[in-house]
Amino acid sequence: MSNDLYFISILVRALADPRRGSALHDAFEQIQSLGRRPEFSEGYRQFERFMEAAAPLQETESNERQMLAEGIVRNLIDDLADGALEGDVDAKALALEFIRSRAEWQAEYESRLRHFEEEDVQEARFAIILEDRRRHTRSIEFSREGGVGSFGDIMPGSYTLSLDTGLLLWQGELTQSDLLWAEAFPDEPLAMAAETEEAAGRPTIEEALLDGSIRLRVFPGVESGRMEIQAKPFPGIGA
């Protein structure tokens, strides 16, 4: 177990002790004593942050230690659920073994795990990056709900579209016939171009990418074109 999480094993042993009150008292003294040593200084700072979440649960002097113990257990459950102990395999294994020793703690841990997983999905975002031949890049960010975004002022040239993970979605050459109204629709008056840009108009290119999770459209304009990206809601992206 790393020195940065040295307090985990001490707390787990104290919480498992039938004499929990006095065991916690001894545990805090041991943690503080070790924390004075240079090699445990960062670990002690982590212990202080760890305890900040448990301290507000203390209520009265008579049940202070019991409330503190419950707060420590809940904080330990949260750290396990949100991956805070992933960097130390020994600390995580020890904490998991302790939490699984009681059915109600195990149930709370599983409930918190589901909660954090749902939060991760709700906060999930991704970006689509457009790069030209000069390696200039622009990006559009989408939430899990997907949506529509566009890149304007697209001039003829070579382009690539990628996810921010590096996955290549599309690459190709956009010509004047793709991007300029006079070239794309020579038999239609230029006056229609402005109206078409506002109302989306007719695309010169339309492709489904990533098994249909993303749709690419290119629209011509008077002097430059526009590239529109439509993304379906999760779990479409990457599914």
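Here the structure is a predicted model, which means the values were calculated and not measured. (Residues numbered from 1 in each chain as written. Predicted model: local features only at pLDDT ≥ 70, side-chain atom pairs only at ≥ 80, totals over all residues. Heavy atoms only, no water.)

*Asks:* Hey, could you go over the pattern of salt bridges for me, with residue numbers and the actual values?
*Replies:* All told, the structure shown has 14 salt bridges when counted by the stated rule. A salt bridge links Asp-17 to Arg-19; the shortest N-O distance between them is 3.4 Å. With relative accessibility at 22%, the residue Asp-17 sits in the partly exposed group. Two residues, Arg-134 and Asp-132, come together in a salt bridge whose shortest N-O distance is 3.4 Å. (Salt bridge = Lys/Arg side-chain N within 4 Å of Asp/Glu carboxyl O. Buried < 20%, exposed > 50% of the residue type's maximum accessible area, 1.4 Å probe, protein only.)

*Asks:* Can you lay out the sheet that holds strand S6 (residues 205-209) for me, pointing to particular residues and giving the numbers?
*Replies:* Taken together, the 4 strands give an open sheet; going across it, the order is S3-S8-S7-S6, and neighbouring strands pair in antiparallel fashion. Lying at the two open borders of the sheet, with one neighbouring strand each, are strand S3 (147-154) and S6. With strand direction ignored, the average angle separating the axes of adjacent strands in the sheet is 15°. Inspection of the sheet shows S6 paired to strand S7 (residues 214-219) by 5 bridges, in the antiparallel sense. Within S7, the residue paired with Ala-208 across the bridge is Arg-215. (Pairing = 2+ DSSP bridges. Helix = DSSP H or I, 4+ residues; strand = E, 2+ residues; numbered from the N terminus. Axes fitted to C-alpha atoms, helices over the stretch in contact; angles between N-to-C directions.)

*Asks:* Quick rundown of helix H1 (residues 6-16)? Include the residues and the values.
*Replies:* Most of H1 is tucked away: 9 of the 11 residues are buried. Buried within H1 are the following residues: Tyr-6, Phe-7, Ile-8, Ser-9, Ile-10, Leu-11, Val-12, Ala-14 and Leu-15.

*Asks:* Give me the lowdown on the packing of aromatic side chains, citing residues and values where you can.
*Replies:* Applying the stated criterion to the full structure yields 9 aromatic pairs. An aromatic cluster is built from Tyr-6, Phe-7, Phe-28, Phe-40, Tyr-44, Phe-47 and Phe-50, whose rings are joined through pairwise contacts. One residue, Arg-202, lies across the ring of Phe-185, its end atom 4.2 Å from the ring centre. (Phe/Tyr/Trp six-rings, centres within 6.5 Å; stacked < 30°, edge-to-face > 60°. Lys NZ or Arg CZ within 6 Å of the ring centre and 35° of its normal.)

*Asks:* I'd like a description of the sheet that holds strand S2 (residues 137-143), backed by residues and values.
*Replies:* Hydrogen bonds along the backbone pair up the strands of a sheet, which may run parallel or antiparallel. With respect to topology, 4 strands assemble into an open sheet ordered S2-S1-S4-S5, the strand pairing being antiparallel. Edge strands, defined here as strands with exactly one partner in the open sheet, are S2 and strand S5 (168-174). Across the sheet, the mean angle separating the axes of adjacent strands is 15° when strand polarity is ignored.

*Asks:* Lay out helix H5 (residues 89-99) in plain terms, naming residues and giving numbers.
*Replies:* One turn of the α-helix equals 3.6 residues, which is why residues spaced by three or four share an orientation. Residues Ala-91, Ala-95, Leu-96, Phe-98 and Ile-99 constitute the buried set of H5. Taken end-on, H5 shows its buried residues confined to a sector of 160°, consistent with a single buried face. Set apart from the buried face of H5 by more than 90 degrees, the exposed residues are Val-89 and Glu-97. (Arc of directions from axis to C-beta.)

*Asks:* Break down the packing of H1 against H5 for me, with residues and values.
*Replies:* Where H1 meets H5, the axes come as close as 10 Å, and the angle between the chain directions of the two elements is 15°. Judged by the angle between their axes, H1 and H5 are roughly parallel. Relative to H5, H1 is oriented so that their crossing is left-handed. Contacts between H1 and H5 involve Ile-8, Ser-9, Val-12, Leu-15 and Ala-16 from the first element and Ala-91, Leu-94, Ala-95 and Phe-98 from the second. Along the lines of polarity and charge, the residues of the contact of H1 with H5 split into 8 nonpolar, 1 polar and no charged. (Parallel < 35°, antiparallel > 145°, perpendicular 65-115°, else oblique. Left-handed = near helix turned anticlockwise from the far one by under 90°. Contact = heavy atoms within 4.5 Å. Nonpolar A, V, L, I, M, F, W, Y, C, P; charged D, E, K, R; others polar.)

*Asks:* Please set out unusual backbone geometry residue by residue, giving values where relevant.
*Replies:* At Asp-153, a residue that is not glycine, the phi angle is positive and equals roughly 55°. Mapped onto the fold, Asp-153 is located in strand S3. On the basis of relative accessibility, which here comes to 63%, the residue Asp-153 falls in the exposed class. Positive phi, close to 50°, is recorded for Leu-210, a residue that is not glycine.

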